[in-house]
Structures are given as structure tokens and as C-alpha cells.
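# Secondary and tertiary structure notes
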Amino acid sequence: MAAMFTCCLGCCGDGGSGHIPLKDMPTVQLDTNHMGTDVVIVKSGRRICGTGGCLANAPLHQNKSYFEFKIQSTGVWGIGVATQKVNLNQVPLGRDTNSLVLRHDGSVYHNNEEKNRLPANNLPQEGDIVGLTYDHVEMNLYLNGKNMHCPASGIRGTVYPVVYVDDSAILDCHFSDFYHTPPQGFEKILFEQQIF
């Protein structure tokens, strides 16, 4: 019996130690394969500048996702969720059924309709952190860790985090190592893992 167990371990392909190396999980970041033609992505896929939009490289499969954006330089910008059908060269987003975004002026748009609006005294400024939660029904917004009670919904299908910039705006994306603790029950975006 012991010889058979040793033989099994020896067949694992790593010299018999019995350990099978696991692949490193990919990092959630901005996806240079899904961005506008005039977008520039730097800082290891975490900073966007130029003109246009970009999707993250991981869809929001889990029930409750959280991610953040830091406004490094003001201008025209938007953040939210979108399907891969969104036109990343046409800003502002939120003009069609493929995106649901908070715009720099505090309005939340989907399908060219204002779905909600941040209070006028709580518009994001340079240096602010905007957090987003998404639970497959509703997107909620947080400003510097404070719930803005500004829910919006309506988008359907598989969505990804999306960000767009124009007019000298620069935003940093944080898909982990957050500035603020995610709301209870929400967590960083997880890549869907296949067992087989």
C-alpha cells in the first residue's frame, strides 16, 4: 500500500513532492483590449488619461462587487458599469442601454436618461475617492467612504467596471487595496474560477 501511495505521488510531475503548482490569479485592472482609440492607460493598468473609455478586464460575476476611483485631475469623466457592447470612443457614456455611469457633474445616466443625481454639495473634486457597489440590480455611490444614497439601475447583461475621461481628466482605478472599507457584504472583484 505504501509503495502504491509513493508511486501516485511520484506521478504528479514535479519530482514526487506531491505539490502541484497553482497558477497566479490574474490582477483586475483596466483592459487595453477594450478601450477607446485615444485612451492612454498607465501605472500597470490602473490610471486612465486621454479621451475615451475603458472597461476593466473582469466581469462582475459575484453577487456584490466594490471598486473605487480616485480623481487625480478634474475634467470630463464618468465611472460605472457597462457591457462589452458599449462604444468606448463616444463620451460621455450613459447614452445607451450598454452603460450606467456617474458623470463628473453628479448626474447618473443610463439609456440617455438621468436615473439619479448626487446632492449639489457632494460633487466629487480633485483628490476625492468615489466608491461603487454593484449587486446585479443596483449601482450605489460612495464619496470618500460616505454612502451618497444615490442608487441607479436598469442595465442588463454581463457588465464590467467602466471609466471614461476627456478634457484633461485623469482617474486612478482601485480594484483592491481600497482607500475605504467596502460596505458590509461587498468585496473586491473576483475572477470567475474554473475547476476543470
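Cut-off values and rules
- Residues numbered from 1 in each chain as written.
- Predicted model: local features only at pLDDT ≥ 70, side-chain atom pairs only at ≥ 80, totals over all residues.
- Heavy atoms only, no water.
- Helix = DSSP H or I, 4+ residues; strand = E, 2+ residues; numbered from the N terminus.
- Buried < 20%, exposed > 50% of the residue type's maximum accessible area, 1.4 Å probe, protein only.
- Pairing = 2+ DSSP bridges.
- Polar contact = N/O pair within 3.5 Å; in protein donor to acceptor, adjacent residues only side chain to side chain.
- Phe/Tyr/Trp six-rings, centres within 6.5 Å; stacked < 30°, edge-to-face > 60°.
- Lys NZ or Arg CZ within 6 Å of the ring centre and 35° of its normal.
- Salt bridge = Lys/Arg side-chain N within 4 Å of Asp/Glu carboxyl O.

- Looking at an unreviewed UniProt entry, one finds the protein named SPRY domain-containing protein 7 and attributed to Takifugu bimaculatus.

### Regarding the environment of Asn 33
- One can find Asn 33 in strand β1 (residues 30–35).
- For Asn 33, a relative accessible area of 67% corresponds to the exposed category.
- Along the chain, Asn 33 and Cys 54 lie 21 residues apart, while their C-alpha atoms are 8.7 Å from each other.

### Thoughts on the pairing of strand β9 (residues 129–134)
- With 6 of 6 residues buried, β9 is to be regarded as a mostly interior element.
- The alternating pattern of β9 places Ile 129, Gly 131 and Thr 133 and Val 130, Leu 132 and Tyr 134 on opposite faces, both of which are buried.
- Two strands pair when backbone bridges link them, and strand β4 (residues 65–73) and β9 are joined in this way by 6 bridges, in the antiparallel orientation. Each residue of the ladder has a partner; that of Tyr 66, found in β9, is Thr 133.
- By the bridge criterion, 5 bridges tie β9 to strand β10 (residues 138–143) in an arrangement that is antiparallel. Within β10, the residue paired with Thr 133 across the bridge is Asn 140.

### Remarks on the side chain of His 110
- Tracing the sequence through the fold places His 110 in strand β7 (residues 107–110).
- Given a relative accessible area of 5%, His 110 falls into the buried group.
- From its side chain, His 110 meets the backbone oxygen of Ser 99 in a polar contact 2.9 Å long.

### Quick notes on the packing of aromatic side chains
- A complete count under the given rule lists 3 aromatic pairs for this structure.
- Note on Tyr 66 and Phe 178: the rings are 4.9 Å apart at their centroids and 80° apart in plane angle, and the pair reads as edge-to-face. Of this pair, Tyr 66 sits in strand β4 while Phe 178 sits in the segment after β14 (170–174), and the two are 112 residues apart along the sequence.
- Put simply, the rings of Phe 67, Phe 69 and Phe 175 pair up and form one aromatic cluster.
- Taking the ring centre of Tyr 109 as reference, the NZ or CZ of Arg 103 above it sits at 3.9 Å.

### Looking at the pattern of salt bridges
- Evaluation of the coordinates by the stated rule reveals 3 salt bridges.
- The partner of Arg 47 in a salt bridge is Asp 172, with the nearest N and O atoms 2.6 Å apart. Of this pair, Arg 47 sits in strand β3 (residues 47–56) while Asp 172 sits in strand β14, placing them 125 residues apart in sequence.
- Put simply, Arg 117 and Glu 114 hold a salt bridge, and the shortest N to O gap is 3.1 Å.
- The partly exposed category is assigned to Arg 117, whose relative accessible area is 39%.

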